[in-house]
Amino acid sequence: MTNISSEGRQDHGLGQDVATGPESVPRSTFMRRAAAGVLLGVAASAGDMLSPLKMLAAGKHATSAAAKVGVWLGNVKNVKPNQYLTYTDPKSGDPSVLIRLANGQFVSYDAVCTHAGCTVPYDSTQRLLVCPCHGARFDPARGAAVVGGPAPQPLAKLPIRVDTGGNVYALDAKPVPGKAPVNQLKPGPPASKVSGEENDDGTRSRGRKGSKNDGGD
Ligand code: FES
């Protein structure tokens, strides 16, 4: 038998009271609130799961920003059109050339010849990259396209950025944290050294010769 007390409590005869007054929550309401709580919990958990994704996206952004900065190679403020500089590509370790074209634009290429791996310097007289080993010629103004000799394909183009102050960055490499940037640009040798000097018998000796392994001269 169920008795209702003056305080509005029901006695189910089990020695326990179940509140039924104004502060009590009907079962259906309780269930609705519980369901809402579960949904909120799921939403919060989903939010938590999104956080790593957000962090990943932020990390990706930071990585691409670092890649945009690149590795400082040096300054080319005083380099004139048709002059070139050499350096070692920080990513591949290959000998590379940085050329200021006649139109003032800077371009950079991996100087390892695509024929047999000799180091290819720039010849400012011909305005071409000329391989001293077997005479392949590449046009730096046209993506180092092969314009003569046995090379099967152009030299590899290297991505660079030149800022308004003349600082050049290799964009295919990332700066090493804690390592101070060092000027890597060196003036290229004059064209006579590149194309070879004329011998007494009228033939031309080969100039600079180098393979990918010996790093050039
Ligand atoms: S290695 Fe350059 S032409 Fe042969």
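From a predicted model like this one, the values you see are computed outputs, not experimental measurements.

Participant: Looking at this structure, I do not really get the overall build of the protein. What am I missing?
Facilitator: Helices and strands together make up the secondary structure of the protein, namely 2 helices and 14 strands. For the protein, the residues scored as buried account for 29% of the 217 residues in total. For the protein, the proportion of contacts with a sequence separation of at least 24, taken over those separated by at least 6, is 46%. Carbon and sulfur atoms make up 56% of the accessible area of the protein, which amounts to about 13,700 Å² in all.

Participant: Would you take a moment to explain unusual backbone geometry for this structure?
Facilitator: Most peptide bonds take the trans configuration, and most residues that are not glycine carry a negative phi. Phi angles above zero are rare outside glycine, and Arg127 is one such case at about 55°. Among the secondary structure elements, Arg127 is positioned in the loop between strand 8 (122–123) and strand 9 (128–130). Here Arg127 falls in the partly exposed class, since its relative accessible area comes to 45%. Located in the positive-phi region is Ala144, a residue other than glycine, with phi close to 60°. Within the fold, Ala144 resides in the loop between strand 10 (137–139) and strand 11 (145–148). Judged by its relative accessible area of 0%, Ala144 falls in the buried class.

Participant: Quick question: what am I supposed to make of the packing of aromatic side chains here?
Facilitator: The geometry of an aromatic ring pair comes down to the distance between the two centres and the angle between the two planes. This structure, assessed with the given rule, holds 1 aromatic pair. Ring geometry for Tyr84 against Tyr122: centres 5.5 Å apart, planes inclined by 65°, an arrangement best described as edge-to-face. Residue Tyr84 is located in strand 5 (residues 84–88), and its partner Tyr122 is located in strand 8; the two are separated by 38 residues in the primary sequence. With relative accessibility at 7%, the residue Tyr84 sits in the buried group. By relative accessible area, Tyr122 is classed as buried at 2%.

Participant: Mind showing me how you'd approach the sheet that holds strand 13 (residues 167–170) here?
Facilitator: Adjacent strands of a sheet form backbone hydrogen bonds with each other and so pair up, either parallel or antiparallel. Judged by pairing direction, the sheet is antiparallel, and its 3 strands sit side by side in the order 4-13-12 without closing on themselves. Among the strands making up the open sheet, the edge pair consists of strand 4 (71–75) and strand 12 (160–162). In this sheet, adjacent strand axes meet at a mean angle of 25° when their direction is disregarded. Bridge analysis of strand 4 against strand 13 gives 4 bridges, and the strand direction is antiparallel. Bridge assignment links Asn75 to a residue of strand 13, and that residue is Asn167.

The rules behind these values
Residues numbered from 1 in each chain as written. Predicted model: local features only at pLDDT ≥ 70, side-chain atom pairs only at ≥ 80, totals over all residues. Heavy atoms only, no water. Helix = DSSP H or I, 4+ residues; strand = E, 2+ residues; numbered from the N terminus. Buried < 20%, exposed > 50% of the residue type's maximum accessible area, 1.4 Å probe, protein only. Contact = heavy atoms within 4.5 Å. Areas by Shrake-Rupley, 256 points an atom, 1.4 Å probe, with all protein chains shown as cover. Phe/Tyr/Trp six-rings, centres within 6.5 Å; stacked < 30°, edge-to-face > 60°. Pairing = 2+ DSSP bridges. Axes fitted to C-alpha atoms, helices over the stretch in contact; angles between N-to-C directions.

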